[in-house]
There are 6 protein chains.
Amino acid sequence: MFKHDKQLLRQVRVDKPNPNYAAMLQEQIGGPQGELKAAMQYFSQSQRIKDPQIRDLFMDIAAEELSHLEMVCATVNLLNGHDLDASNTTVGNIEAQVLSGLSPMLTNGSGHLWTAAYVNVTGDLAADLLSNIAAEQRAKVVYEHLYRQIDDKGVRETIDFLLNREEAHNTMFREAFNRIQDTGSQQNWGVTKDSKLYFDLSTPGGKFFDPSNAESPSFKNPNPTH
Amino acid sequence: MFKHDKQLLRQVRVDKPNPNYAAMLQEQIGGPQGELKAAMQYFSQSQRIKDPQIRDLFMDIAAEELSHLEMVCATVNLLNGHDLDASNTTVGNIEAQVLSGLSPMLTNGSGHLWTAAYVNVTGDLAADLLSNIAAEQRAKVVYEHLYRQIDDKGVRETIDFLLNREEAHNTMFREAFNRIQDTGSQQNWGVTKDSKLYFDLSTPGGKFFDPSNAESPSFKNPNPTH
Amino acid sequence: MFKHDKQLLRQVRVDKPNPNYAAMLQEQIGGPQGELKAAMQYFSQSQRIKDPQIRDLFMDIAAEELSHLEMVCATVNLLNGHDLDASNTTVGNIEAQVLSGLSPMLTNGSGHLWTAAYVNVTGDLAADLLSNIAAEQRAKVVYEHLYRQIDDKGVRETIDFLLNREEAHNTMFREAFNRIQDTGSQQNWGVTKDSKLYFDLSTPGGKFFDPSNAESPSFKNPNPTH
Amino acid sequence: MFKHDKQLLRQVRVDKPNPNYAAMLQEQIGGPQGELKAAMQYFSQSQRIKDPQIRDLFMDIAAEELSHLEMVCATVNLLNGHDLDASNTTVGNIEAQVLSGLSPMLTNGSGHLWTAAYVNVTGDLAADLLSNIAAEQRAKVVYEHLYRQIDDKGVRETIDFLLNREEAHNTMFREAFNRIQDTGSQQNWGVTKDSKLYFDLSTPGGKFFDPSNAESPSFKNPNPTH
Amino acid sequence: MFKHDKQLLRQVRVDKPNPNYAAMLQEQIGGPQGELKAAMQYFSQSQRIKDPQIRDLFMDIAAEELSHLEMVCATVNLLNGHDLDASNTTVGNIEAQVLSGLSPMLTNGSGHLWTAAYVNVTGDLAADLLSNIAAEQRAKVVYEHLYRQIDDKGVRETIDFLLNREEAHNTMFREAFNRIQDTGSQQNWGVTKDSKLYFDLSTPGGKFFDPSNAESPSFKNPNPTH
Amino acid sequence: MFKHDKQLLRQVRVDKPNPNYAAMLQEQIGGPQGELKAAMQYFSQSQRIKDPQIRDLFMDIAAEELSHLEMVCATVNLLNGHDLDASNTTVGNIEAQVLSGLSPMLTNGSGHLWTAAYVNVTGDLAADLLSNIAAEQRAKVVYEHLYRQIDDKGVRETIDFLLNREEAHNTMFREAFNRIQDTGSQQNWGVTKDSKLYFDLSTPGGKFFDPSNAESPSFKNPNPTH
């Protein structure tokens, strides 16, 4: 069961309204590396996880991502201000001006509607954890892109917080990965010669990498027992 | 520039036509973990890579994934046989029967049209490599799902080959990741207290993972100097 | 902020696994009248609501719809059973068999991926409430469709509960509508002659309805002061 | 059978070309509250309606919405002017400039392609009528959004007409709803205790609405016999 | 302006209900070669056509395609019968059973929602006419696919009619093409050496076609003056 | 099998970075008339072609279109320059600024993600060739649109080359069409009276075209034996 607490996970503020910044920040509401995607991915994946600690982790983070979604929506809302004026929205999508009456939308920065195509679920815990580690890294990168371009101290504080939270999630997903190291798709890795070949199909070039010692993925860090 | 060689990367065969197997195998043509997605992801990501060896790797694998796409299409083609008959296609999508005249389609097993929403590109090499490692692991898992359910020796040989190739790509993407370990989004990791917190938002449960020693991702393997 | 309680809003059970029923029930996870749509619609709309009681209502229901989503996912999970076998999934989509390893997916019954195109937000409270009343009625209808076809007592208990909850939401959204009766898009209704004309464009037929006494929508019930 | 009359339902004009206004007005061609959506929704819903007067109403309005679509397309066409110049199209989508040679497109203001996900059909007349009442209200709101921002007398006359027509449709759909008041999904409303509960899941807050006297929706107006 | 005549363009009938046939025939309602696509394409393209006779042709055919859409919807409606039963819908999409209450849907045979991505408009009359000629040929092919598999005399009569109408449209679009032969994108064809080269990129093979005498497209038939 | 040669099919250059031009040129990467669509369409269609010379033609052109895709991506990359700055991207989509770190994306100019809905495959060679002839003509038109608006000599040279290549492909597809003139969907054309009727549904107007001498499509040119 989900419950909602009217206090934001962390308070948000903006220096002043800026519909272009609002359009850009939409990317992390309804884009492929955004908060809705993260929440839905971890929630969906969690459904078949048997390990109670890992399932707890997925739901802790899913609930946090929903809480991030709320923070980003609140920020976009403030950036959209109080006046419909598409003529000032020269960057990115204009749906807040022409459709939603300045409400945040489930679209990316250019107005593409959120799609469940962004969500990866395989039922294999190792694959799903790798998906999540990668997703957190990408989310961080997009926040970095936005940080550089949004010159508003209030928004930057929020972005900084969210960006650091993606790092924390990343760290914990790696811990979980190391715990289930030899299960599921991690098993029977590299047992055929096909898994050790290099096809040099782009030329000129060569074989600068060597798959001959194939092992399943394993992280050096983090160490849950440090 | 891309060139095409009429010889398949590896010859394919099927024991006999089976439109239900064809519909299922469509998943790896036009689904989120399929060959088109992989090819387009690595191709798109490669455009801004400056390290010539890593760029070569991405294009070697992109070309191979296109070659895999061709193998899966050829297999679906054989499985579709020679007679339009949707009444025998009781599993999954029927587009081969009603639309494409038994040609393979750029859809998943249930007929959802391929979308570029499956493709992740951030311009940050660390994030993109993690995306690819995860993508290869997922592709392997989907091939495992299909292997279990497609009781056709010819198809299974092809699936086995493709599955092992995903392992090889995975290995090499990890090698590349370790080479660029401390660049881009890997830098300045875990420098704020926010990156070390655990929000225990799903209850009952607890904090079974610990982000306090946050470090950026790093793989134990593979060892590029072995 | 969102929090998660591991107890389901209401416990679910199934008589026995049935992948066809699972595929059908997917409609209410990721279809246009499903639980994710409802949760996202009310959450998105709530962002700009100033009346604290109405905003509370929207978030109460949004959180409940997320909790319904979890219940339907848990039911689909049980119906999917433990064995990958697309050959037994002759009705609707096969993504649980070929892609998600029996996990519920954010798709409708036929495998179309959830899209934010299902979510309506206008920033006008009257319009948004009417959208929600209609959405709840449609959700009820789809559960009725499913109830008739899913011959499993456990699933039917869950559907019955969910269906009745949609009625409760519907009732409360109408109460809220009556409270804001003369605001926003409800104002200045029917002030031009154009709003009172009937264009009889389908023939033969006639003008069996009369817009000449145009007034803005108003519900007879429910009565918030009863 | 559909027939076309080359005379527009109402003549349109613009003060002068303005590609930004054209991009914005696209919202009502191919957006979720636009004319194509309305026409397709009523047409699709009408297919199984048995009451000949209500079916006539649906097709009268469907034909009118197609006629509105034509009016909006004609207006966008005039606003697009005669010269390809994306550099002057700083607001919203640029497809008229780079793809369609200044022809109107079936997209929303930001370029998202129209999707049938916007169309709601349940086969239950009460639910479908509520959907239509809500859809007309939303369409009105979007025209109000556009009216405020498009400073062109010619376009505003057209918007004013269309906005008022949505009111007329709204009125008539409510008349129809009241006629079929106790049928379909309106029956057996509120018969279980579950339909009368309030789950107070967002806190702090409370229970400001009361579903305990649940009745099916019913409109105070309009009165078809007034 | 569009008007609707309650008489179908041609009466339809089915031998008996068959939900599988209904699912298959959906392809021509909401698929890429279906009637909605055709109607919307010709309507959209017509908006900027200056030649009144050609514009008349486009709107004659657009109105006819809408009338075809109505015929196919009516046929699907009859095939869907009167009982919700997904268990009998083992071929293709199940949306009529779980969502629309047996109403036809704007989806293809496998349930993919109609998208304006199917509609091609360039603003260049030659290109648009070639698009339409191709579209009519494809529509014919899909009807042939369906004819072979739908063993119902009533449905086959309708398919036969529709298939032949696509031929008539094809013929007329070619007449129109020949009239505007040397305009727009037909001009200045083949003036650079680049337009006359053959890149032999797939090997082994060769150059079995010769672009060196490049001329713009021109049809041998039909002859508008015969 | 596909192979990649690091040399572009033709070298590209830009006068200077211009993110607005980059956004516009995206149309030919991931839009409906773009290079990915062309490559995927010919590749998909080729799978069931039996005539070895025509299959060779399709794969020659598919490989060339992939090579064009690479050229357009390289050009967009140069136009995107080296600095993230959405404030300078006032035309079209902003995904390169907020998501992809200046990498080209598989979207159109306004940010709509590429979809396989753009790809037409029927399994009928005549229909598929007509689709390709039309597709090449549309691609040429879009390049003409872009040429007029992109005032950069380097980009224009590339556009000029690509535009002329579309003409060459068009020519060769017509040659191939004439070779298979009387096969597949070209057979039994115009044998019923229905294929010779004109429905005059848009009024006022008339019947300015005459389908009574219906014949299947046939091109005057090109002549493979000239």
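Residues numbered from 1 in each chain as written. Chains lettered and ligands numbered in written order. Predicted model: local features only at pLDDT ≥ 70, side-chain atom pairs only at ≥ 80, totals over all residues. Heavy atoms only, no water.

Residues and numbers for the confidence of the model for chain A, please.
The predicted model of chain A has a mean per-residue pLDDT of 95, with 98% of residues at 70 or higher. Under the prediction, the complex receives an ipTM of 0.96, its pTM being 0.97. (pLDDT = per-residue confidence, 0-100.)

An account of empty space enclosed by the protein is needed here, citing residue identities and associated values.
Rolled over the atoms, a probe sized like a water molecule indicates the empty space that remains. Approximately 350 Å³ is the volume found for the largest cavity. In this structure, the largest cavity is lined by 23 residues; those nearest its centre are A:His112, B:His112, D:His112, E:His112 and F:His112. For the lining of the largest cavity, the residue count by class is eleven nonpolar, twelve polar and no charged. (1 Å grid on protein atoms, 1.4 Å probe; cavity = no way out; pocket = protein on both sides within 12 Å on 5 of 7 lines; lining within 4 Å. Points joined across faces, edges and corners; volume = space filled by probe spheres on them. Nonpolar A, V, L, I, M, F, W, Y, C, P; charged D, E, K, R; others polar.)

Tell me about the pattern of salt bridges, and name the residues and values.
The tally for this structure, following the rule as stated, stands at 48 salt bridges over all chains. A salt bridge links B:Asp56 to F:Lys6; the nearest nitrogen and oxygen atoms lie 2.5 Å apart. Highlighted residues: B:Asp56 in helix H4 (residues 52-80) and F:Lys6 in the loop between strand S1 (2-5) and helix H1 (19-25), drawn from two different chains. With a relative accessible area of 1%, B:Asp56 lands in the buried category. The exposure class assigned to F:Lys6 is partly exposed, which follows from its relative accessible area of 30%. Salt-bridge contacts for C:Glu144 lead to C:Lys140; the nearest nitrogen and oxygen are separated by 3.9 Å. Of this pair, C:Glu144 and C:Lys140 are both found in helix H6 (residues 125-149), four residues apart, which corresponds to roughly one turn of the helix. By the burial criterion, C:Glu144 is buried, and C:Lys140 matches it. (Salt bridge = Lys/Arg side-chain N within 4 Å of Asp/Glu carboxyl O. Helix = DSSP H or I, 4+ residues; strand = E, 2+ residues; numbered from the N terminus. Buried < 20%, exposed > 50% of the residue type's maximum accessible area, 1.4 Å probe, protein only.)

Can you tell me about the relation of the copies chain A and chain B, naming the residues and giving the values?
When chain A is fitted to chain B, the residual RMSD is 0.0 Å, and the transformation amounts to a turn of 180° plus an axial shift of 0.0 Å. Given the turn and translation reported, the copies of this chain are related as if by a two-fold rotation axis. (Least-squares fit on C-alpha atoms with pLDDT ≥ 70 in both.)

Which residues make up the relation of the copies chain D and chain A, and what are the values?
If you rotate chain D by 120° and push it 0.0 Å along the axis, it lands on chain A with an RMSD of 0.0 Å. Both chain copies can therefore be described as sitting about a three-fold axis. Using C-alpha coordinates, one finds that chain D approaches the rotation axis most closely at D:Thr90, a distance of 3.0 Å. Little of the interface of chain D is mirrored in chain A, where only 18% of its interface residues again form contacts. (Contact = heavy atoms within 4.5 Å.)

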